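Chain by chain, the residues:
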Amino acid sequence: FEIHEKLLELKSLETSTKGIDIFNALDNIVSKYGGFGKCSGIATDGAKAMVGHRTGLVGLCKEKGIHCLFFHCISQQEALCGKIIRLSGTMKTVVNTVNLIRGGNKAQRDREFIAFLDNLEAEYGDISLYCEVPWLSAGNCLLRNEILAFLRNENIGHEYQEKLEKIQFLNNLALLTDLTSHLNALNLKLQGKKQNISQLYGHIEGIRKNLDVMQIALKANNTAHFPSCQQLKEEEENDTKFSMFHEIIIDIKKEFQDRFQDFDPLKPKLALFNNPMEIEVSEVPCELQMEICDLQADPFYQTKKSDVPEISWNLISKERFPKLLKCSLQMLSLFGSTYVCESAFSALKQIKSKTRNRIESASLESSLRLCLTELTVDIEKTCIRKSVAIIILTSRL
């Protein structure tokens, strides 16, 4: 078998976007392809119209007896976990400082700041404006020494200068920088196509283990995993104490645990999917135990233990292990995040611009499908064939 990520259909909600409207549109589309019986899972965002227990899409699906997995997009859940960091006052000061340099109609000051950084041979050539929606962009706009030097040089932002000189604020800023950097790295891992739910959830489990290590280290005032905090400790010597911040790590851990508890029932299937040759038979559902015994005893499949799941499951005989193969296909077909859908919105924004705002739904769907397809399309050759077909048809008439 082969796995492809494709756009099924594009449906416009022309009147309202309530849960019932979304459900009816989805039901009409899925019915054309065999119904919800072939659906292994539905990934949603956190909108009430999607996740509402009564009038949302999830609630209506359950009411209609649709049995599949429902879960909130992993990447969106991870981004929301970052908002639990209790350093909003520090972030507000950073945002105000950055806006003082770059915000509004301050193009000249921004150019002066870029030139100032260039003269200092700074690591970064500019700072990014902070945006509330992609909260994790905060990690990309946290500069300290260069900003303070620029404020002093331009004789502006005196209240921000005072804060940038206080050790407690610098401690908060250093920790915020490092935490957002760790979460930024995780956010990048969760982006991109062709990642199955096992890989995405593996990234989440990885950061949870990292947080355990960070908490223990930070409680002992060990900043080995926090580069900015370590640098500040070396500069200020004995004036920095980071052990008090280990409670923030506890809060982040709890947020990850609460938000991803919906995936706990899926862990046994993920364990079976990732390592079918070494999993304990007692940990496998009863209906799969006989097949897993035969699979683990087969000499051929024993030589394939080290293969990645996508390759090893592709070698499984459909005739001998139909139930196991069906289980693996369910895992492979699950979308762990709405990244593909969000990338479609980005493409849609480029296709339906101000100069093409009256494009019809059918043409829009065709253009979007062409933009999102994994297949290599030879547009020039296709157009030539189309032209030849039109000429032949015209000559016949």
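This text goes with the structure placed above it.
Residues numbered from 1 in each chain as written. Predicted model: local features only at pLDDT ≥ 70, side-chain atom pairs only at ≥ 80, totals over all residues. Heavy atoms only, no water.

Draft legend 1. Fine view of the overall build of the protein. When helices and strands are tallied, the protein shows 20 helices and two strands. The buried share of the protein, reckoned over its 397 residues, is 38%. Considering only contacts within the protein whose residues lie at least 6 apart along the sequence, 68% involve residues at least 24 apart. Per element, the accessible surface of the protein, about 23,700 Å² overall, is 52% carbon and sulfur. (Helix = DSSP H or I, 4+ residues; strand = E, 2+ residues; numbered from the N terminus. Buried < 20%, exposed > 50% of the residue type's maximum accessible area, 1.4 Å probe, protein only. Contact = heavy atoms within 4.5 Å. Areas by Shrake-Rupley, 256 points an atom, 1.4 Å probe, with all protein chains shown as cover.)

Draft legend 2. Focus on the packing of helix α4 (residues 74-81) against helix α9 (residues 167-190). Two elements in contact, α4 and α9, have axes separated by 10 Å at closest approach and are oriented at 170 degrees. The orientation of α4 relative to α9 falls into the category roughly antiparallel. Judged by residue contacts, Ile-74, Ser-75 and Glu-78 of α4 engage Leu-183, Leu-186, Asn-187 and Leu-190 from α9. Looking at the contact of α4 with α9 residue by residue, the classes come out as four nonpolar, two polar and one charged. (Axes fitted to C-alpha atoms, helices over the stretch in contact; angles between N-to-C directions. Parallel < 35°, antiparallel > 145°, perpendicular 65-115°, else oblique. Nonpolar A, V, L, I, M, F, W, Y, C, P; charged D, E, K, R; others polar.)

Draft legend 3. Spotlight on the pattern of salt bridges. Evaluated as defined, the whole model comprises eight salt bridges. The partner of Arg-259 in a salt bridge is Glu-255, and the shortest N-O contact between them spans 2.8 Å. Residue Arg-259 and its partner Glu-255 are both found in helix α12 (residues 246-259); the two are separated by four residues, about one turn of the helix. By relative accessible area, Glu-255 is classed as buried at 15%. One salt bridge in this structure joins Lys-267 and Asp-264, with 3.6 Å as the shortest N-O distance. (Salt bridge = Lys/Arg side-chain N within 4 Å of Asp/Glu carboxyl O.)

Draft legend 4. Focus on the pairing of strand β1 (residues 41-44). Only one face of β1 is buried: it carries Ile-42 and Thr-44, and the other face, with Gly-41 and Ala-43, is open. Across four bridges, β1 lies against strand β2 (residues 69-72) in parallel orientation. By the bridge assignment, Ile-42 is partnered in β2 with Phe-70. (Pairing = 2+ DSSP bridges.)

Draft legend 5. Structural detail: the packing of aromatic side chains. The full count for this structure, using the stated rule, is seven aromatic pairs. A ring pair is formed by Phe-256 and Phe-260, whose centres lie 5.9 Å apart and whose planes are at 15 degrees; its orientation type is stacked. Note on Phe-256: relative accessible area 0%, which makes it buried. The class for Phe-260 is buried, based on a relative accessible area of 0%. Pairing Phe-300 with Tyr-301 gives two aromatic rings, centres 5.2 Å apart and planes at 75 degrees, and the pair type is edge-to-face. Taking the relative accessible area as the measure of exposure, Phe-300 reaches 43% and is therefore partly exposed. Following the ring pairs from residue to residue traces out a cluster consisting of Phe-71, Tyr-201, Phe-256, Phe-260 and Phe-263. (Phe/Tyr/Trp six-rings, centres within 6.5 Å; stacked < 30°, edge-to-face > 60°.)

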